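# Survey of secondary and tertiary structure
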Amino acid sequence: MADPARFAARYGAPRMAPPSDVLAEPLPAEIARARTLARVLDHYLVDPLLGLVLPGAGDLIGSLLGLYVVVIAVRRRMSPLVIARMLLNLALDAVLGAIPVIGDIADFAYKANEHNLALLVDRRTTGRATARDWLAVGGAVVAFAAVIAGVIYAIVAMVRAIA
């Protein structure tokens, strides 16, 4: 049998759970329900399987179910920037899932509901946006503008090619 002192000397002391007085207060019921929903959609793979079985429609259904976490954030009066970041996570999940085959594989890896739950839990007391939130939303705005500019360029190029 292994000697605990020798094990600790070689690998370090075992990690222990923090004492109960250090643990955070229990989560409100609505956040606990959101955690359950995120677990079902992402960990039990309901969201990616919906997208795989029902192409397009399954991704839409998964995004609509994911809006529950966003609604909780709105009810808790979180920063509009945090809510925008949650919506960006859902949009990215839906866009990735809409791409045939490759998108379905990506949908198994990208867990938008877990990201949104983390935002909800991390900001549950203050509801304030962080610099990272600003960067994510600002980057999304720049990417959106680039896509729109690319679409306009493609339309102009097609019209010129036809004319």
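Read on for a plain summary of the structure. This is a predicted model, so every value here is computed, not measured. (Residues numbered from 1 in each chain as written. Predicted model: local features only at pLDDT ≥ 70, side-chain atom pairs only at ≥ 80, totals over all residues. Heavy atoms only, no water.)

Here we take up the nonpolar core. Core analysis: the largest hydrophobic core is formed by 18 residues, its most contacted members being A34, A73, M86 and L120. Contributions of two or more residues to this core are made by α2 (29-43), α4 (57-75), α5 (80-98) and α7 (112-122). With five residues, the single largest contributor to this core is α7. (Core = buried A, V, L, I, M, F, W, Y, C linked by side-chain atoms within 4.5 Å. Buried < 20%, exposed > 50% of the residue type's maximum accessible area, 1.4 Å probe, protein only. Helix = DSSP H or I, 4+ residues; strand = E, 2+ residues; numbered from the N terminus.)

Between α5 and helix α6 (residues 102-109), the shortest axis-to-axis distance is 6 Å and the interhelical angle comes to 145°. Only G103, D104, A106 and D107 of α6 make contact with α5, whose side of the interface consists of D93, L96 and G97. Here the residues of the contact of α5 with α6 sort into two nonpolar, two polar and three charged. (Axes fitted to C-alpha atoms, helices over the stretch in contact; angles between N-to-C directions. Contact = heavy atoms within 4.5 Å. Nonpolar A, V, L, I, M, F, W, Y, C, P; charged D, E, K, R; others polar.)

Right, let's get into α7. All buried positions along α7 are accounted for by A112, N113, N116, L117, L119, L120 and V121. Next to the buried residues of α7 lie α2, α3 (46-53), α4, α5 and α8 (131-162).

Think of a ball as big as a water molecule: rolled over the atoms, this probe shows where empty space is left. One number sums up the size of the largest pocket: a volume of about 150 Å³. For the largest pocket, the full set of lining residues is L88, N89, A91, L92, Y110 and A140. Here the element with the most residues in the lining of the largest pocket is α5; it accounts for four residues. Across the lining of the largest pocket, the residue classes break down as five nonpolar, one polar and no charged. (1 Å grid on protein atoms, 1.4 Å probe; cavity = no way out; pocket = protein on both sides within 12 Å on 5 of 7 lines; lining within 4 Å. Points joined across faces, edges and corners; volume = space filled by probe spheres on them.)

To continue, consider unusual backbone geometry. One non-glycine residue, L45, lies in positive phi territory at about 60°. Examined against the element boundaries, L45 turns out to sit in the loop between α2 and α3. The phi dihedral of R77 is positive, around 55°, even though this residue is not glycine. Secondary-structure assignment places R77 in the loop between α4 and α5. Classification of R77 by relative accessible area gives exposed; the value is 75%.

Across the interface, α5 lies against α8 with an axial gap of 9 Å and an inter-helix angle of 55°. Judged by the inter-axis angle, α5 sits oblique to α8. Relative to α8, the crossing made by α5 is left-handed. In this structure, α5 uses L81, V82, A84, R85 and L88 to contact α8, whose residues at the interface are R132, D133, W134, A136, V137 and A140. (Parallel < 35°, antiparallel > 145°, perpendicular 65-115°, else oblique. Left-handed = near helix turned anticlockwise from the far one by under 90°.)

Attention shifts here to a nonpolar patch on the surface. On the surface, L49, L52, V53, L54, I61 and L65 cluster together into a nonpolar patch covering about 490 Å² of accessible area. For the nonpolar patch, the elements supplying multiple residues, two or more each, are α3 and α4. With three residues, the single largest contributor to the nonpolar patch is α3. Along the polypeptide, V53 turns up in helix α3. (Patch = residues over 30% accessible without salt bridge, like charges linked within 9 Å, V, L, I, M, F, W, Y side chains within 5 Å. Areas by Shrake-Rupley, 256 points an atom, 1.4 Å probe, with all protein chains shown as cover. Salt bridge = Lys/Arg side-chain N within 4 Å of Asp/Glu carboxyl O.)

Distances and angles like these do not, on their own, reveal function.
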